[in-house]
Amino acid sequence: MKSNPLRKKIVFEGKIENNLPLIIRYPDHHDASSTHQYINSLSRERTFVLVQGEYISLKKERDFLKENIRNIHRKKGILLLAFSQKKLIGISDIQMKEKACSHEGILGISVAKEFRGQGVGTILLSTILEEAKLLLPTLKIVTLGVFACNQIARQMYKKHGFIEFGILPKGIHYKNHYIDHVYMYKAIR
């Protein structure tokens, strides 16, 4: 089996607000069971992510991870995993669009419930933006979508220089209601 040169490549090591250790690193294929448990936990919680109660199979998660690792090697995306005491507590990615939009990367970020409000999201966002500048040569603009009712995330993005550029009214089905989907962008280069 071909080895992954990103295996365990750490891009951040420090502490979060409650003085617990935080390590942010690139993924490898061995992370599938951790990412599988993590995404299904977020889905069951029905937090501010697109999976809202659906179950993601381990096979689907392995395929997702394999595709993301392939995109990292092809400089078409970045995926970072945040750990505290060997527990996966956050994930962020930027995936590049194609063709005439190949200069645009779409950002996603999430933090486990028990670690929210401790600075993990802010550190993860700063780290992925720095990595993107280094490793995604065609990246000029980062875009994202955020649930309108997620004021904490919207404020974090604004503090990092993201600007709202549009709203899709009732674009998200969340907890049996339709809410607005807010779109934001940040110029990178």
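Residues numbered from 1 in each chain as written. Predicted model: local features only at pLDDT ≥ 70, side-chain atom pairs only at ≥ 80, totals over all residues. Heavy atoms only, no water.

A. Looking closely at the layout of surface pockets. Of the pockets and cavities examined, the largest pocket occupies roughly 1,400 Å³. For the lining of the largest pocket, the secondary-structure elements that each account for two or more residues are helix H1 (32-45), helix H2 (58-73), strand E4 (87-96), strand E5 (104-111), helix H3 (120-135), strand E6 (141-147), helix H4 (151-159) and strand E8 (177-187). If one sorts the elements of the lining of the largest pocket by residue count, E5 sits on top with seven residues. The residue makeup of the lining of the largest pocket, split by class, is 27 nonpolar, 15 polar and seven charged. (1 Å grid on protein atoms, 1.4 Å probe; cavity = no way out; pocket = protein on both sides within 12 Å on 5 of 7 lines; lining within 4 Å. Points joined across faces, edges and corners; volume = space filled by probe spheres on them. Helix = DSSP H or I, 4+ residues; strand = E, 2+ residues; numbered from the N terminus. Nonpolar A, V, L, I, M, F, W, Y, C, P; charged D, E, K, R; others polar.)

B. Structural context of a nonpolar patch on the surface. Together, Ile163, Phe165 and Tyr185 make up a nonpolar patch on the protein surface, roughly 280 Å² of accessible area in all. One can find isoleucine 163 in strand E7 (residues 163-174). Of the residues examined, isoleucine 163 reaches a relative accessible area of 42% and is grouped as partly exposed. (Patch = residues over 30% accessible without salt bridge, like charges linked within 9 Å, V, L, I, M, F, W, Y side chains within 5 Å. Areas by Shrake-Rupley, 256 points an atom, 1.4 Å probe, with all protein chains shown as cover. Salt bridge = Lys/Arg side-chain N within 4 Å of Asp/Glu carboxyl O. Buried < 20%, exposed > 50% of the residue type's maximum accessible area, 1.4 Å probe, protein only.)

C. Up close: the packing of aromatic side chains. Overall, the coordinates contain six aromatic pairs when judged by the stated rule. Ring plane angle 85° and centroid distance 5.3 Å describe the contact between phenylalanine 147 and tyrosine 174, whose orientation is recorded as edge-to-face. Taken together, the residues span a long stretch of sequence, with phenylalanine 147 in strand E6 and tyrosine 174 in strand E7 at a distance of 27 residues. Residue class for tyrosine 174 comes out buried when judged on its relative accessible area of 10%. (Phe/Tyr/Trp six-rings, centres within 6.5 Å; stacked < 30°, edge-to-face > 60°.)

D. How the structure looks around the packing of H1 against H2. For the pair H1 and H2, the least separation of the axes is 9 Å and the interaxial angle reads 115°. Seen from above, H1 lies across H2 with right-handed handedness. Here Ala32, Ser33, Thr35, His36 and Ile39 of H1 lie close against H2, whose contacting residues are Leu58, Glu61, Arg62 and Leu65. (Axes fitted to C-alpha atoms, helices over the stretch in contact; angles between N-to-C directions. Left-handed = near helix turned anticlockwise from the far one by under 90°. Contact = heavy atoms within 4.5 Å.)

E. Molecular detail of the nonpolar core. Ranked by internal contacts, the top residues of the largest apolar core, which has 49 residues, are Ile94, Leu107, Leu125, Val142, Tyr157 and Phe162. When residues in this core are grouped by element, the largest group, seven residues, is from H3. Residue contacts for phenylalanine 162: discarding those within four places in its chain leaves Leu107, Leu125, Leu129, Val142, Leu144, Tyr157, Met184, Tyr185 and Lys186. (Core = buried A, V, L, I, M, F, W, Y, C linked by side-chain atoms within 4.5 Å.)

F. Summary view of the pairing of E8. When E6 meets E8, the two strands line up antiparallel, connected through seven bridges. Bridge pairing links leucine 144 to methionine 184 in E8. Taken together, the eight bridges between E7 and E8 define a ladder with antiparallel strand orientation. Bridging across to E8, glutamate 164 finds its partner in methionine 184. (Pairing = 2+ DSSP bridges.)

G. The arrangement of the side chain of threonine 127 in detail. Here threonine 127 is to be found in helix H3. Taking the relative accessible area as the measure of exposure, threonine 127 reaches 10% and is therefore buried. Apart from the residues lying within four places of it in its own chain, the contact partners of threonine 127 are Val11, Phe12, Ile24 and Leu80.

H. Just the side chain of threonine 47, in detail. The residue threonine 47 is located in the loop between H1 and H2 in this model. With near-sequence residues (within four places) excluded, threonine 47 lies in contact with Leu42, Gln52, Arg116, Phe147 and Tyr174.

I. Spotlight on the pattern of salt bridges. Under the defined criterion, the tally for this structure stands at nine salt bridges. A salt bridge links glutamate 67 to arginine 70, with the nearest nitrogen and oxygen atoms 2.5 Å apart. Placement of both glutamate 67 and arginine 70 in helix H2 is noted, with a separation of three residues, approximately one turn of the helix. Owing to a relative accessible area of 32%, glutamate 67 belongs among the partly exposed residues under this scheme.

J. Inspection of the sheet that holds E8 at higher detail. Within the open sheet, the eight strands sit side by side as E1-E2-E3-E4-E5-E6-E8-E7. Their pairing is mixed. Each edge of the open sheet carries a strand with a single partner, namely strand E1 (10-15) and E7. Direction aside, neighbouring strands of the sheet carry axes that sit 20° apart on average. Where E4 and E5 come together, seven bridges link them in antiparallel fashion. By the bridge assignment for E5, glycine 90 is matched with valine 111. Lying on the sheet, H2 is in contact with strand E3 (77-84) and E4; it crosses E3 at an angle near 120°. With respect to the sheet, H4 is in contact with E5, E6, E7 and E8, its orientation differing from that of E6 by roughly 160°.

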